[in-house]
Amino acid sequence: MKIQVVTLFPEMIAGALGFGIVGRAVERGLLSVGTEDPRKHTSDVHRTVDDRPYGGGPGMVLKPEPMLAAIRAAHERLPPGSPRIHLSAQGEPLGQAQARELAALPGFLLVAGRYEGLDERVVELGIDREVSIGDYVLSGGELPALVVIDAVARLLPGALGDERSNVEESFVAGLLDWPHYTRPELFEGLAVPPVLLSGNHADIRRWRLEQAVTRTYARRPDLIARGELGPEASRLLSEFLAARAPGTEDRG
Ligand code: 9D3
C-alpha cells in the first residue's frame with residue numbers, strides 16, 4: 001500500500017508514523033507513506049501558499065497553483081488508479097466501511113488543507129473524493145490524514161501481530177468492546193468479575209458478548225439500529241431486553 005500526503009506540515013505526518021502498528025507496517029514494507037509540500041511548488045521569494053478570499057471575509061484560502069502542482073507531483077508517485085482524497089469537514093464521514101474500501105486499494109493520495117481550505121477549482125480539477133473524520137472543527141487536514149492512515153494500516157494483511165485479533169473483531173462486529181481486566185484480582189477494593197476467573201471459556205465468551213451488546217444498547221443505540229448484529233449478539237440482545245421489560249420483545 002502506497003500513500004502520499006500533500007501537506008504544508010510534512011513533519012506532522014512523518015513524525016507520527018514511527019510507532020505501534022503503523023510503525024511496524026512501515027518497517028515490514030506493507031505500507032509506505034510519502035509527503036509533498038506545496039511550498040516547494042511556489043516561485044515567489046516569499047514562497048506564498050495562501051491568499052485573501054474573493055468576496056472578502058475572514059481567513060485565507062490556499063493558492064491554487066502550488067496546491068495543484070503538489071497534488072500532481074505526489075499522484076505521479078502512486079500506482080495507476082490511486083484516488084485523490086481531500087480531507088474536508090464537508091466530506092463523506094469516515095467509517096470502518098470506508099477504511100476497508102481504502103485498504104483494498106494499491107494506493108491513494110491524501111490532501112490536507114489549512115486556513116479556510118482549498119480553492120474550489122483545485123477540488124474540481126485535482127480531487128476524486130472528500131472524506132471527513134467527524135463533526136467537530138479542526139485546524140487542518142493533517143490529523144484527519146493520520147487518522148485515515150492508522151485506520152487503513154491496521155487492516156493490511158500482516159499488520160497485526162496475531163491474526164487472532166481479526167477473528168476477535170468479527171465476533172464483536174458492529175459492537176462496542178467488552179470490559180477488560182488484568183492482575184491484580186482485587187484493585188483498590190474493586191474485584192475482577194468472577195466469571196473471568198472461572199476457566200469456563202463458554203461462560204466467558206457469553207459474558208463478554210453480553211457486556212458488548214448491553215453497552216452498545218446503552219451507549220450507541222445507533223449502532224444497533226444499523227442492524228449489523230450477528231445471530232448470537234441478536235439473541236443476547238433480545239434476552240436482555242426481555243429480562244428488563246418482559247413481554248415487550250419483538251417477535252419474528
Ligand atoms: C468558516 C469556518 N471555517 C473555520 C472555522 C471552516 C473550517 C475550515 C477549515 C473548518 C475546519 C477547517 C479545517 N478542517 C479540516 O481540514 C478537516 C476536518 C475537520 O475540521 N473536521 C472533521 N474532519 C476534517 S477533515 C479535514
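None of the values given here were measured: they were computed from a predicted structure.

Scoring rules and cut-offs
Sequence positions are assigned chain by chain, starting from 1 and proceeding in written order. With the structure being a predicted model, the display of local features is reserved for residues of pLDDT at least 70 and the display and counting of side-chain atom pairs for 80 or more, all residues being used for whole-chain, interface and lining totals. Side-chain metrics rest on all non-hydrogen atoms present in the structure, leaving aside hydrogens and water. What marks off one domain from the next here is an automatic or database domain assignment. Like charges are joined within 9 Å and nonpolar side chains (Val, Leu, Ile, Met, Phe, Trp, Tyr) within 5 Å, but only among residues with over 30% relative accessible area and no salt bridge; these make up the patches. To measure how exposed things are, a 1.4 Å probe is used in the Shrake-Rupley method; for residues, cover is taken only from the protein chains shown. Whenever a carboxyl oxygen of Asp or Glu lies within 4 Å of a side-chain nitrogen of Lys or Arg, that contact is scored as a salt bridge. Burial classes: relative accessible area under 20% of the type maximum marks a residue as buried, over 50% as exposed, and values in between as partly exposed (1.4 Å probe, protein chains only). Nearness of a residue to a molecule or strand requires only that one of the residue's heavy atoms be within 4 Å of it. Here a polar contact is recorded for every N or O atom pair within 3.5 Å, except that within protein the pair must consist of a potential hydrogen donor and a potential acceptor, and residues adjacent in sequence are included only if both atoms are side-chain atoms. In this description a helix means any DSSP run of H or I spanning at least four residues, a strand means any run of E spanning at least two, and both kinds are numbered starting from the N terminus. Contacts: residue pairs with any heavy atoms within 4.5 Å of one another.

1. What about the domain arrangement of the chain?
Moving on, step 1. Domain boundaries in the chain define domain 1 (2–153) and domain 2 (186–250).
Moving on, step 2. The C-alpha-based centres of domain 1 and domain 2 are spaced at 40 Å.

2. Things to note about a nonpolar patch on the surface
Moving on, step 1. Taken together, the side chains of Phe9, Met12, Tyr136, Leu138 and Leu143 present a nonpolar region at the surface, about 450 Å² in accessible area.
Moving on, step 2. The exposure class of Tyr136 is partly exposed, given its relative accessible area of 45%.

3. Quick word on the site of the ligand
Moving on, step 1. Taken together, 16 residues surround the ligand, and among them Glu116, Ile133, Gly134, Tyr136 and Leu138 come closest.
Moving on, step 2. Note that a nitrogen atom of the ligand is positioned 2.8 Å from one of the backbone N or O atoms of Tyr136.
Moving on, step 3. One of the backbone nitrogen or oxygen atoms of Gly141 is found 3.4 Å away from an oxygen atom of the ligand.
Moving on, step 4. When the ligand sits alone it has 570 Å² of accessible area, and the protein chains cover 69% of it.

4. Quick notes on the environment of Ile13
Moving on, step 1. Counting through the fold element by element, Ile13 comes out in helix H1 (residues 10–14).
Moving on, step 2. Measuring from C-alpha to C-alpha, the distance between Ile13 and Ala73 comes to 18 Å, with 60 residues separating the pair along the chain.
Moving on, step 3. In contact with Ile13, not counting residues within four places along its chain, are Val5, Thr7, Val33, Thr35, Glu142, Ala145 and Leu146.

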